[in-house]
Amino acid sequence: MKTGGTFRLYGKDGGRNIRHRNVSMRSVKFLKDFATTLIEGRWRYTLTIFALSFVGTWTGFALLWQLIAQAHGDLDFDPLTGERLGDGRAACTKGAYDYAGFLLLSIETQGTTGYGEKYPTEECPEGIFLLMLQLILGTIIEGAMVGVVYAKITRPPRHTGSFVFSRNCVICLRDGVLCLLFRISNFAEHQEINSRVEVYMCQKTEEGEIKDTKLELENDGQITLYLPQIVCHAITEDSPLFGYSAAQLMKADFEILVTLTGNSKATGQTSQSRTSFLPREILWGYRFVNIIHYDQNLEAYTIDSQQFDGVYRVDTPLCSARRLQEVAEMSQKVVRRRKVKSGSLCCSKYSLQVDMQVAEIALDNSTRIEPKQGVSSQFQAQSWDGFLDSDSKSADNCYL
């Protein structure tokens, strides 16, 4: 599965894009854990195996019933009188004279639907033993089928199921820190307990191996899904995204894997959903639209599912989080130098306010700092609209 020049490990629906090759004795390993193979296999394969097992036992036991009847002489008749020429006072089976008749006898025996004109008698001990053996084997097959089908229905789904992930991730500022955000919801309204989200960033090393790095999340990934939730990863020094700017992100080659695990409150079964995001699916400088509103008429909170993937643009620096941190540290040094130069232990209220706002690069349109007299233009916070339109500055610079 290749998307936009990048190969996926997992699809958007959570399906794995992984195939194993050159596995020694692969068939034997599947047969050793045959129950798990049936549960994890596709429905068509599992149902085909059970259908073949039923047909196989019906036809096999029909042949055994016919062999017992031939050995007892139940199929030998006088051509003139039509009387049975076999030993014993009665035949081992009644009403079966060819293979089709014995096949119907075998199906009626294993299906426990009751006997009609074809039925076994007490004349042959081997027939009684064969009857018990077929009933036991048929019960085992039926019990295994019920167990496997129930396990397949209630097993943790390999795909997203009732959980919905946002189509894109976004990167924006939260409290002056660049954060990676995506949204999760449970529109099926199934109550989940102990829900936990894990996020990994997978990328190829120089040796061609795939290395995965865990991304730290707020509240250690613990979430509640009564309402749609926005999962946040702060891009700090420990984050593998710390050195990526907006321009570098467009050229990056990695995949972000998201796994959501939770327990159903109704059944207690563990469910798991997965999805993935490529660099081209990460929107820099956007936020998610608020979809939770209180309806006065309904007197309840409403969720606008049509806007689940909706985003809007916000002012966000295009530099990396590393560069953003360097600029913030630089502004603090400027403040300290001004203190020393002025020979005062404190700064004026106006000077301190301007310098602290320099570190806050993304400003709303209503709160942007305009140039003031007496303040060097080198340290003025400016609109990112001008930054985006500037051809003289690279995308890795945070200030004009």
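Definitions and cut-offs
Residues numbered from 1 in each chain as written. Predicted model: local features only at pLDDT ≥ 70, side-chain atom pairs only at ≥ 80, totals over all residues. Heavy atoms only, no water. Patch = residues over 30% accessible without salt bridge, like charges linked within 9 Å, V, L, I, M, F, W, Y side chains within 5 Å. Areas by Shrake-Rupley, 256 points an atom, 1.4 Å probe, with all protein chains shown as cover. Salt bridge = Lys/Arg side-chain N within 4 Å of Asp/Glu carboxyl O. Lys, Arg positive; Asp, Glu negative; His and termini not counted. Charge placed at Lys NZ, Arg CZ, Asp CG, Glu CD. Helix = DSSP H or I, 4+ residues; strand = E, 2+ residues; numbered from the N terminus. Disulfide = S-S within 2.5 Å. Buried < 20%, exposed > 50% of the residue type's maximum accessible area, 1.4 Å probe, protein only. Polar contact = N/O pair within 3.5 Å; in protein donor to acceptor, adjacent residues only side chain to side chain. Contact = heavy atoms within 4.5 Å. 1 Å grid on protein atoms, 1.4 Å probe; cavity = no way out; pocket = protein on both sides within 12 Å on 5 of 7 lines; lining within 4 Å. Points joined across faces, edges and corners; volume = space filled by probe spheres on them. Nonpolar A, V, L, I, M, F, W, Y, C, P; charged D, E, K, R; others polar. Axes fitted to C-alpha atoms, helices over the stretch in contact; angles between N-to-C directions. Parallel < 35°, antiparallel > 145°, perpendicular 65-115°, else oblique. Left-handed = near helix turned anticlockwise from the far one by under 90°. Core = buried A, V, L, I, M, F, W, Y, C linked by side-chain atoms within 4.5 Å.

Draft legend 1. Representation of a negative patch on the surface within the structure. Taken together, the side chains of Glu 216, Glu 237, Asp 238 and Glu 329 make up a negatively charged region of the molecular surface. Along the polypeptide, Glu 237 turns up in the loop between β11 (229-234) and α6 (246-251).

Draft legend 2. Quick peek at the state of the cysteines. By the definition in use, this model includes one disulfide. Residue pairing for Cys 92: its cysteine sulfur links by disulfide to Cys 124, the two sulfurs lying 1.4 Å apart. Given an S-S torsion of about -55°, the disulfide between Cys 92 and Cys 124 has left-handed geometry. Pair noted here: Cys 92 is in the loop between α3 (43-71) and β3 (93-94) and Cys 124 is in the loop between β4 (119-120) and α5 (125-154), with a separation of 32 residues, a long-range link. Side by side, Cys 92 and Cys 124 carry an identical accessibility label, which is buried. Of all cysteine sulfurs in the structure, the one in Cys 179 sits closest to Cys 172, which takes part in no disulfide; the separation is 6.7 Å.

Draft legend 3. Structural detail: the side chain of Thr 57. With respect to the helices, strands and loops of the structure, Thr 57 is situated in helix α3. With relative accessibility at 11%, the residue Thr 57 sits in the buried group. A polar contact is formed between the side chain of Thr 57 and the backbone oxygen of Phe 54, at a distance of 2.8 Å. Beyond its immediate stretch of four places on either side in the chain, Thr 57 contacts Ser 106, Gln 110, Gln 134, Leu 137 and Ile 141.

Draft legend 4. Representation of empty space enclosed by the protein within the structure. For the structure shown, the criterion picks out four cavities of 30 Å³ or more. Those elements that provide at least two residues to the lining of the second largest cavity are β8 (192-204) and β9 (210-215). A per-element tally of the lining of the second largest cavity places β8 first, with four residues. Tallied by class, the residues present in the lining of the second largest cavity amount to four nonpolar, one polar and five charged.

Draft legend 5. Examining the packing of α3 against helix α4 (residues 99-111) more closely. Relative to each other, α3 and α4 sit at 120°, their axes nearing to 8 Å. One way to sum up the angle between α3 and α4 is to call them oblique. Like other packed secondary-structure pairs, α3 and α4 cross with a definite hand, here right-handed. Across the interface between the two elements, Phe 54, Thr 57, Trp 58, Thr 59, Phe 61, Ala 62, Leu 63, Trp 65, Gln 66 and Ala 69 of α3 pack against Tyr 99, Phe 102, Leu 103, Leu 105, Ser 106, Ile 107 and Gln 110 of α4. A per-class count over the contact of α3 with α4 returns 12 nonpolar, five polar and no charged.

Draft legend 6. Here's a closer look at the nonpolar core. Judged by nonpolar contacts, the single largest core of 34 residues is most densely connected at Phe 182, Ile 184 and Val 197. Counting residues per element, the ones that place at least two in this core are β5 (163-165), β6 (169-174), β7 (177-186), β8, α6, β12 (254-264), β14 (282-284) and α7 (321-342). If near-sequence neighbours (up to four positions away) are discounted, Ile 184 is found in contact with Val 164, Phe 165, Val 197, Ile 223, Leu 225, Pro 228, Gln 229, Val 231, Leu 260 and Phe 308. If you look at the next biggest cluster of nonpolar residues, it comprises 11 residues, including Ala 69, Ala 96, Phe 102 and Cys 124.

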